[in-house]
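Chain by chain, the residues run as shown.
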Amino acid sequence: QVQLVESGGGSVQAGGSLRLSCTASGGTFSAYVMGWFRQGPGKEREFVATISRSGGSTRYADGVEGRFTISRDNAKNTVYLQMNSLKPEDTAIYYCAADRTATKVTSVTVYEYDYWGQGTQVSVSS
């Protein structure tokens, strides 16, 4: 079994930055395509960013590209999401996810992912 644990969430004013971390255990981290998703109040879970197994390829949602950066450190079994220039609309619970069986280099839909963390709250005030 694979467990994912997010950390780094919190409350910040608009324009501020946060760095989320997600550490995996119980599996082979380097074999997983990783992703970040978020779910705001009254909204469906939406794609934020994804990164390939070795970290060579990334994809971002249109609303975060240029502000957020996904990265991974396979030696630490950890994926990160650096969030800069935060906006109130970024307020959500952020989830990391692992796609164990990916046949593409990145995965952008919820159904592709096999394992999910419990989430970490990000609150951005104006």
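For the structure, see preceding data.
Bear in mind that the values here come from a model prediction, so they are computed numbers and not experimental data. (Residues numbered from 1 in each chain as written. Predicted model: local features only at pLDDT ≥ 70, side-chain atom pairs only at ≥ 80, totals over all residues. Heavy atoms only, no water.)

Draft legend 1. Inspection of the nonpolar core at higher detail. Core analysis: the largest hydrophobic core is formed by 35 residues, its most contacted members being Trp36, Leu81, Met83 and Tyr94. Listed by contribution, the elements that provide at least two residues to this core are β3 (18-25), β4 (33-39), β5 (46-51), β7 (68-73), β8 (78-83), β9 (92-99) and β11 (120-125). Sorting elements by how many residues they give to this core places β9 first, with five residues. If sequence neighbours within four positions are ignored, leucine 81 has contacts with Leu18, Arg19, Leu20, Trp36, Val48, Ala49, Phe68, Thr69, Ile70 and Tyr94. (Core = buried A, V, L, I, M, F, W, Y, C linked by side-chain atoms within 4.5 Å. Buried < 20%, exposed > 50% of the residue type's maximum accessible area, 1.4 Å probe, protein only. Helix = DSSP H or I, 4+ residues; strand = E, 2+ residues; numbered from the N terminus. Contact = heavy atoms within 4.5 Å.)

Draft legend 2. Up close: the packing of aromatic side chains. One pass over the structure, following the stated rule, counts five aromatic pairs. With a centroid separation of 5.8 Å and an interplanar angle of 70°, the aromatic rings of phenylalanine 37 and phenylalanine 47 are classed as edge-to-face. Remark: phenylalanine 47 occurs in strand β5 and phenylalanine 37 occurs in strand β4; sequence separation between them is 10 residues. For phenylalanine 37, a relative accessible area of 1% corresponds to the buried category. Here the aromatic cluster, defined as three or more aromatic residues joined through ring pairs, consists of Phe37, Phe47, Tyr113 and Trp116. Against the face of tyrosine 95 rests arginine 45, its NZ or CZ located 3.7 Å from the ring centre. Above the face of the tryptophan 116 ring, arginine 45 is positioned so that its terminal group lies 4.9 Å from the ring centre. (Phe/Tyr/Trp six-rings, centres within 6.5 Å; stacked < 30°, edge-to-face > 60°. Lys NZ or Arg CZ within 6 Å of the ring centre and 35° of its normal.)

Draft legend 3. Highlighting the sheet that holds β8. Read from one edge to the other, the open sheet built from four strands follows the order β1-β3-β8-β7, with strand pairing classed as antiparallel. Two strands in the sheet have a free side with no partner beyond their single neighbour: β1 (3-7) and β7. Between one strand axis and the next, the sheet turns by 15° as a mean value, whatever way the strands run. As defined by bridge partners, β1 adjoins β3 across five bridges and the pair is classed as antiparallel. When the sheet's bridge partners are listed, glutamate 6 is paired in β3 with cysteine 22. (Pairing = 2+ DSSP bridges. Axes fitted to C-alpha atoms, helices over the stretch in contact; angles between N-to-C directions.)

Draft legend 4. The state of the cysteines, seen in detail. Summed over the entire model, instances satisfying the criterion amount to one disulfide. At a sulfur-sulfur separation of 1.8 Å, the disulfide partner of cysteine 22 is cysteine 96. Disulfide cysteine 22-cysteine 96: torsion about the S-S bond near 45°, hence right-handed. Placement of the pair is cysteine 22 in strand β3 and cysteine 96 in strand β9, with a sequence separation of 74 residues. (Disulfide = S-S within 2.5 Å.)

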